[in-house]
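Geometric and topological summary
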Amino acid sequence: MNAKSILTLATMAAVGIFTTAQADSHTEGGDHDTSSERALVILTSDSLQTQGMAMILSNAMQQQGTDLSILLCDAAGDLAVEGYASAEPIITPPENPAGQVTPEGILQMLIGNGAQVDVCAIYLPNSEHERGDLREGVGVAAPGPMAEMMRDPSIPVFSF
């Protein structure tokens, strides 16, 4: 197996394709309750690899018990539009070319697993899309509550 195949398999494992077990390394010993942890991921990049890695890391956090909020702004807001398709997948399994992984596919999985996903308040007015064009489960962020979350020292903010 070549290095590219190993990297592909490792990335797929990180996405959760080969494993569905919840990561519990943070709860060993009973000292740390991850069920109450929250995180905010802000994604603005139009880079396919950056979008992909943000979604992979978000998925890993969610699997470790983090209550996840994702804010999609600028070009990354397109991931929230129903029917949007990345120009190419971030992962194509060599043994299953039809099992391609895309940032929007991982985003949809995160939503299905309870992540709160919103587009920036100014995304829709600055695009050709309307609220009805957004994927089911995606909202429009209100600046006040989003600012509260960003200011809360107990909620880490990750920006891509």
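Residues numbered from 1 in each chain as written. Predicted model: local features only at pLDDT ≥ 70, side-chain atom pairs only at ≥ 80, totals over all residues. Heavy atoms only, no water.

Things to note about the overall build of the protein
Tallying secondary structure elements over the protein gives 4 helices and 5 strands in all. From first element to last, N terminus to C terminus, the protein shows the α and β order α-β-α-β-α-β-β-α-β. Within the protein, the fraction of its 160 residues that count as buried is 38%. Sequence-distant contacts, at least 24 apart, represent 71% of the contacts inside the protein between residues at least 6 apart. Counting only carbon and sulfur atoms, one obtains 52% of the accessible surface of the protein, whose full area is about 8,800 Å². (Helix = DSSP H or I, 4+ residues; strand = E, 2+ residues; numbered from the N terminus. Buried < 20%, exposed > 50% of the residue type's maximum accessible area, 1.4 Å probe, protein only. Contact = heavy atoms within 4.5 Å. Areas by Shrake-Rupley, 256 points an atom, 1.4 Å probe, with all protein chains shown as cover.)

Remarks on helix H2 (residues 48–63)
Across its 16 residues, H2 extends 22 Å between first and last C-alpha, which sits within 8% of the 22 Å expected from 1.5 Å per residue. Of all the residues in H2, the buried ones are Gln51, Gly52, Ala54, Met55, Ile56, Ser58, Asn59, Met61, Gln62 and Gln63. Gly65, located one to two residues past H2, shows a positive phi value of around 100 degrees. (Expected span 1.5 Å × (residues − 1).)

Re the state of the cysteines
The final tally for this structure, using the stated rule, is 1 disulfide. Two residues, Cys73 and Cys120, share a disulfide whose sulfurs are 1.4 Å apart. Of the two residues, Cys73 sits in the loop between strand E2 (67–72) and helix H3 (103–112) while Cys120 sits in the loop between strand E3 (116–119) and strand E4 (138–140), which places them 47 residues apart along the sequence. Across this residue pair, the class does not change: Cys73 and Cys120 are buried. (Disulfide = S-S within 2.5 Å.)

Considering the nonpolar core
Formed by 36 residues in total, the largest nonpolar core has its most connected members in Ile70 and Leu72. Where this core is concerned, the elements lending two or more residues are strand E1 (38–43), H2, E2, H3, E3 and helix H4 (143–151). At 5 residues, the largest contribution of residues to this core is made by E1. Excluding residues within four positions of it along the chain, Leu72 makes contact with Leu43, Gly77, Leu79, Ala80, Leu107, Val117, Asp118, Val119 and Cys120. (Core = buried A, V, L, I, M, F, W, Y, C linked by side-chain atoms within 4.5 Å.)

Description of the sheet that holds E3
Taken in spatial order, the 5 strands of this open sheet run E4-E3-E2-E1-E5, and their pairing is parallel. On the outer flanks of this sheet lie E4 and strand E5 (157–159), each paired with one strand and no other. For this sheet, the mean angle separating the axes of adjacent strands, direction not counted, is 25 degrees. In this sheet, E4 lies alongside E3 in parallel orientation, the contact comprising 3 bridges. (Pairing = 2+ DSSP bridges. Axes fitted to C-alpha atoms, helices over the stretch in contact; angles between N-to-C directions.)

As for unusual backbone geometry
The residue Asp74 is not glycine, and still its phi comes out positive at about 55 degrees. Residue classification places Asp74 among the exposed positions, given a relative accessible area of 59%.

Any functional reading would require information beyond the geometric quantities listed.
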